[in-house]
Amino acid sequence: MPSLILRRFGFAAFTIGFVSIVMFAAVEALPGNVCTSFLQRFAQGPRLERCIEQQGLERPALVRYGDWVAGAVQGDFGYSLMKRKPINELIWERFRNTALLGGLAALLAIPFAIFLGIAAGVRRDRPLDLSLSGAAMLAMTIPEFVTATALIYVFAIVLQWFPAVTIVSPGAGFMQMLPNIVLPVLVLSAVLVAHIMRMMRASVIDVMASDYVHMARLKGVPERQIIWKHVMPNAMIPALNVIALTIAWLLAGVVVVEKVFNYPGLGTLMIQAIFDRDLPLVQAIALIFSVIYVGVNLAADLAALALDPRLRRKGH
């Protein structure tokens, strides 16, 4: 088991390293360099020289990559070209806000989706299952920005319960931020619930048809005990990968939702950095998103190993 876990961590580290190489190489392959891309028609004279010196572009690419990775491991991503500040200072507050938004959405959506998936699976083809499945399909097909627009119209314009866009600063406290995150959390939760519920439903149906569930019924085990003691733990194993992939999708959904609601998170910061051609800042945020993506999938693998002894035996 320890060696299997170490292999999982090693593969995760290799994946992150490979992604960092691809991102760095992609920036290096651009015409000119990060300074000429940022300055454009002003890329000349002392201004260009100062930018090149600040970014260390006079050094070989391999040396710069090594310094960038070493700094990233310590939380130092260099300087933003547009903001003229250390990137880690710019990212921290935005990362906190994005983590708050995505964390609340996952915390609300995952248990709710698992419960709905079990309820739909054990009542297959009954009215509850049909209504939940139909609602999930509808939620999956509607783009996030459409759902966000509808919620803004209902809850911000008609009912005036919540603000339509975020107007507080990125460093605002939790209580100041709370009214501004309700609608974004609802938008993200809707898609999370739909995807996870459908997978959980399918997994429950497969487990309900297994031999050991039939045997438990023949032995007179109460249905409630069968569902929560036998069906749910085994149905969770295949659902874990979908949960991980859905949470990883959350990274892309966060960018869209943050832009719609003007939410001060990493998504809006990345869009602004792309617009400003601030490539060091774009690189840093992309690397953080990659680490989160790999980390979520690693957590799902480890959870599956903990739940299913068969996977541990296969690993050996």
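All values derive from a computational prediction rather than experimental measurement.

J.: Can you help me understand the pattern of salt bridges in this one?
T.: Scanning the entire structure with this criterion turns up two salt bridges. Note that Asp-129 and Arg-201 form a salt bridge whose closest N and O atoms lie 2.6 Å from each other. Note that Asp-129 is positioned in helix H6 (residues 127-141) and Arg-201 in helix H8 (residues 174-208), a separation of 72 residues in sequence. Taken individually, Asp-129 and Arg-201 each receive the classification buried, so the pair is uniform in this respect.

J.: Help me understand the packing of aromatic side chains, please; the structure alone is not making it clear to me.
T.: What describes a pair of aromatic rings is the distance from one ring centre to the other and the angle between the planes of the rings. A full pass over the atoms with the stated rule returns six aromatic pairs. Where Phe-155 meets Trp-161, the ring centres are 5.8 Å apart and the plane angle is 45°; that geometry is what we call tilted. Under the relative-accessibility criterion, Trp-161 is labelled exposed at 56%. Through a chain of ring-to-ring contacts, the aromatic side chains of Phe-24, Tyr-65 and Trp-68 assemble into a single cluster.

J.: Help me understand helix H7 (residues 144-158) in this model?
T.: For an α-helix, 3.6 residues make a turn, and residues three or four places apart therefore share a direction. With 15 residues, H7 ought to run about 21 Å at 1.5 Å a step, and its terminal C-alpha atoms sit 20 Å apart, in line with that. Among the residues of H7, those classed as buried are Glu-144, Thr-147, Ala-148, Leu-151, Ile-152 and Ala-156. Trailing H7 by a residue or two, Gln-160 shows a phi angle of about 55°, which is positive.

J.: Help me understand the side chain of Ser-189 in this model?
T.: Relative to the assigned elements, Ser-189 resides in helix H8. What makes Ser-189 buried here is its relative accessible area of 10%. Within polar-contact distance, the side chain of Ser-189 engages the backbone oxygen of Val-185 at 2.7 Å. Those residues in contact with Ser-189 that lie beyond four places of it in its chain are Ala-105 and Ala-109.

J.: How do you make sense of the nonpolar core when you look at a structure like this?
T.: Within soluble globular proteins, side chains that are nonpolar generally end up buried alongside one another. Counting 48 residues, the largest nonpolar core has Ile-114, Ile-118, Leu-188, Met-200, Val-204, Val-231 and Phe-261 as its most contacted members. Contributions of two or more residues to this core are made by helix H5 (87-122), H6, H7, H8, helix H9 (211-218) and helix H10 (223-261). The element best represented in this core is H8, accounting for 15 residues. Residues contacting Val-204, with those up to four places away along its chain left out, are Gly-117, Ile-118, Gly-121, Val-122, Val-231 and Ala-235. Counting 21 residues, the second largest nonpolar core, distinct from the first, contains Ile-91, Ala-284, Leu-287 and Phe-289.

J.: I would appreciate a short explanation of empty space enclosed by the protein in the present structure.
T.: Counting across every chain of the model gives one cavity of 30 Å³ or more. Approximately 40 Å³ is the volume found for the largest cavity. Contributing to the lining of the largest cavity are Ser-80, Met-82, Lys-83, Leu-269, Gln-272, Ala-273, Asp-276, Asp-278 and Leu-281. Counting residues per element, the lining of the largest cavity draws most heavily on helix H11 (residues 266-276), at four residues. Taken together, the residues of the lining of the largest cavity break down into four nonpolar, two polar and three charged.

J.: I tried to follow helix H1 (residues 2-29) on my own but got confused; where do I start?
T.: In this model, H1 (28 residues) spans 40 Å end to end at C-alpha, consistent with the 40 Å of a helix rising 1.5 Å per residue. Of all the positions in H1, only Leu-4, Ala-12, Ser-20, Met-23, Phe-24 and Val-27 are classed as buried.

J.: How should I be thinking about the environment of Ala-120 in this particular structure?
T.: By secondary structure assignment, the location of Ala-120 is in helix H5. Each C-alpha atom, one on Ala-120 and one on Tyr-293, is 29 Å from the other, the two residues being 173 residues apart in sequence. Among all residues touching Ala-120, those that are not within four sequence positions of it are Asp-129, Leu-132 and Arg-201.

J.: What is the right way to read the layout of surface pockets from this model?
T.: By rolling a water-sized probe across the atoms, one finds the places where empty space is left. As a volume, the largest pocket reaches approximately 390 Å³. As for the largest pocket, its lining consists of 18 residues, of which Gln-55, Arg-64, Trp-68, Phe-77 and Gly-78 are closest to the centre. Of all elements in the fold, only H1, helix H3 (45-55), helix H4 (61-73) and helix H12 (279-307) reach the threshold of two or more residues within the lining of the largest pocket. Element by element, the count of residues in the lining of the largest pocket is highest for H4, at four residues.

J.: What exactly am I supposed to notice about the environment of Gly-171 here?
T.: Assignment of secondary structure puts Gly-171 in the loop between H7 and H8. Residue classification places Gly-171 among the partly exposed residues on the basis of a relative accessible area of 40%. Ignoring sequence-local partners within four residues, the contact set of Gly-171 consists of Glu-93 and Arg-96.

Quick notes on the rules
Residues numbered from 1 in each chain as written. Predicted model: local features only at pLDDT ≥ 70, side-chain atom pairs only at ≥ 80, totals over all residues. Heavy atoms only, no water. Salt bridge = Lys/Arg side-chain N within 4 Å of Asp/Glu carboxyl O. Helix = DSSP H or I, 4+ residues; strand = E, 2+ residues; numbered from the N terminus. Buried < 20%, exposed > 50% of the residue type's maximum accessible area, 1.4 Å probe, protein only. Phe/Tyr/Trp six-rings, centres within 6.5 Å; stacked < 30°, edge-to-face > 60°. Expected span 1.5 Å × (residues − 1). Polar contact = N/O pair within 3.5 Å; in protein donor to acceptor, adjacent residues only side chain to side chain. Contact = heavy atoms within 4.5 Å. Core = buried A, V, L, I, M, F, W, Y, C linked by side-chain atoms within 4.5 Å. 1 Å grid on protein atoms, 1.4 Å probe; cavity = no way out; pocket = protein on both sides within 12 Å on 5 of 7 lines; lining within 4 Å. Points joined across faces, edges and corners; volume = space filled by probe spheres on them. Nonpolar A, V, L, I, M, F, W, Y, C, P; charged D, E, K, R; others polar.

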